[in-house]
Structures are given as C-alpha cells and as structure tokens.
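# Examination of the molecular architecture
Residue strings, one per chain:
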Amino acid sequence: VHDGRSSRGLTGSSISGVCLYEMMTGELPYGHDGGLQQRLDRSYIKASARVPELPGAVDELISTALDPNVETRLSSTRAFFLCLQSVREAASAAR
C-alpha cells in the first residue's frame, strides 16, 4: 500500500469495471499500455464522456470498481454485480 492506495494487481471488481468500461465504450479505460501509475491516479476518460447517453450511475460504478484504494473499492465481483443490477433497474425505470 502506498498513500492508502493498493499497488497490487487488479481484483475481481476491478476487472469487472475494466470489462464494463470496454463494453460500454469499445476502449480500455487506461489504454492498451496503461500502467500502474495511471491506475493509481485514476487517469482515464469517463465512460459517459465517450458515450454521452450513458447514465452517470455507470461512471460511478466504474469509478468505484477501479478505485485503487482497497478500503473504498467494491469488495467483490458479487458486490459489483449487485450494483450493476441497480444501475440497470434505475435506467429501465427512467425510460
């Protein structure tokens, strides 16, 4: 841990966040050569900036999943899935 941020590899929720970002935008959040520093700095373009019709809740979910701080990151792929279900339900209700 460095300044409250984890330098370990991607966790299940982080990988799920990367996959969701790529499914929504067609791009990887950190590019193909994204390094550790980009992940620690959370240096990526929000999904809604690439696809404006995406709800802000998608950005929030991705941001939480990609959080480098293990204390505030989603704790598991199950937690990610439950949050994703909530985002989907909210988007369906808004139609």
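Computed from a prediction, not measured in an experiment: that's the story for all the values here.

### Remarks on the pattern of salt bridges
- According to the stated counting rule, one finds one salt bridge in the structure shown.
- A salt bridge links Asp 67 to Arg 42; its shortest N-O distance comes to 3.9 Å. Of this pair, Asp 67 sits in the loop between α4 (56–65) and α5 (77–94) while Arg 42 is found in the loop between α2 (36–41) and α3 (47–50), placing the two residues 25 residues apart along the sequence.
- Note on Arg 42: relative accessible area 31%, which makes it partly exposed.

### Quick notes on the environment of Cys 19
- One can find Cys 19 in helix α1 (residues 12–25).
- The class for Cys 19 is partly exposed, based on a relative accessible area of 39%.
- Note: C-alpha distance between Cys 19 and Ile 62 (43 residues apart in sequence) is 9.4 Å.

### Observations regarding α4
- Listing the buried residues of α4 in full gives Val 58, Asp 59, Leu 61, Ile 62 and Ala 65. Buried residues along α4 cover an arc of 165° about the axis, so they all sit on one side.
- Close packing links the buried residues of α4 with α1, α3 and α5.

### Examining the packing of aromatic side chains
- Under the defined criterion, the tally for this structure stands at two aromatic pairs.
- With a centroid separation of 5.7 Å and 85° between ring planes, the pair formed by Tyr 30 and Tyr 44 is classed as edge-to-face. Of this pair, Tyr 30 sits in the loop between α1 and α2 while Tyr 44 sits in the loop between α2 and α3, and the two are 14 residues apart along the sequence.
- Classification of Tyr 30 as buried rests on a relative accessible area of 7%.
- Taking the relative accessible area as the measure of exposure, Tyr 44 reaches 18% and is therefore buried.
- Aromatic ring contacts, followed pair by pair, group Tyr 21, Tyr 30 and Tyr 44 into a single cluster.

### As for the environment of Ile 62
- Structurally, Ile 62 is set in helix α4.
- Using a relative accessible area of 1% as the deciding quantity, one classes Ile 62 as buried.
- The spacing of Ile 62 and Pro 29 is 33 residues in sequence and 9.5 Å in space, taken between C-alpha atoms.
- Here Ile 62 is in contact with Gly 17, Leu 20, Tyr 21, Tyr 44 and Ala 47, once residues within four sequence places are set aside.

Reading the values: the criteria
Numbering of residues begins from 1 in every chain and follows the order in which that chain's sequence is written. Note on the predicted model: pLDDT of at least 70 is required for a residue's local features to be given, and 80 or more for side-chain atom pairs to be given and counted; whole-chain, interface and lining totals, by contrast, use all residues. In computing side-chain properties, one takes all heavy atoms of the structure into account and sets aside hydrogens as well as water. Salt bridges are defined as contacts in which a side-chain nitrogen from Lys or Arg sits within 4 Å of a carboxyl oxygen from Asp or Glu. The helix and strand labels rest on DSSP assignments: H or I over at least four residues marks a helix, E over at least two residues marks a strand, and numbering proceeds from the N terminus. Only protein chains enter the accessibility calculation, which uses a 1.4 Å probe; a residue is then buried when its area is under 20% of its type maximum, exposed when over 50%, and partly exposed in between. In this description, one arc is meant: the one made by directions from the helix axis to the C-beta atoms. Whether two residues are in contact is decided by their heavy atoms: any pair within 4.5 Å suffices. Centres within 6.5 Å are what make two rings of Phe, Tyr or Trp a pair, Trp counting through its six-membered ring; a difference in plane orientation under 30 degrees is then read as stacked, over 60 as edge-to-face, and the rest as tilted.

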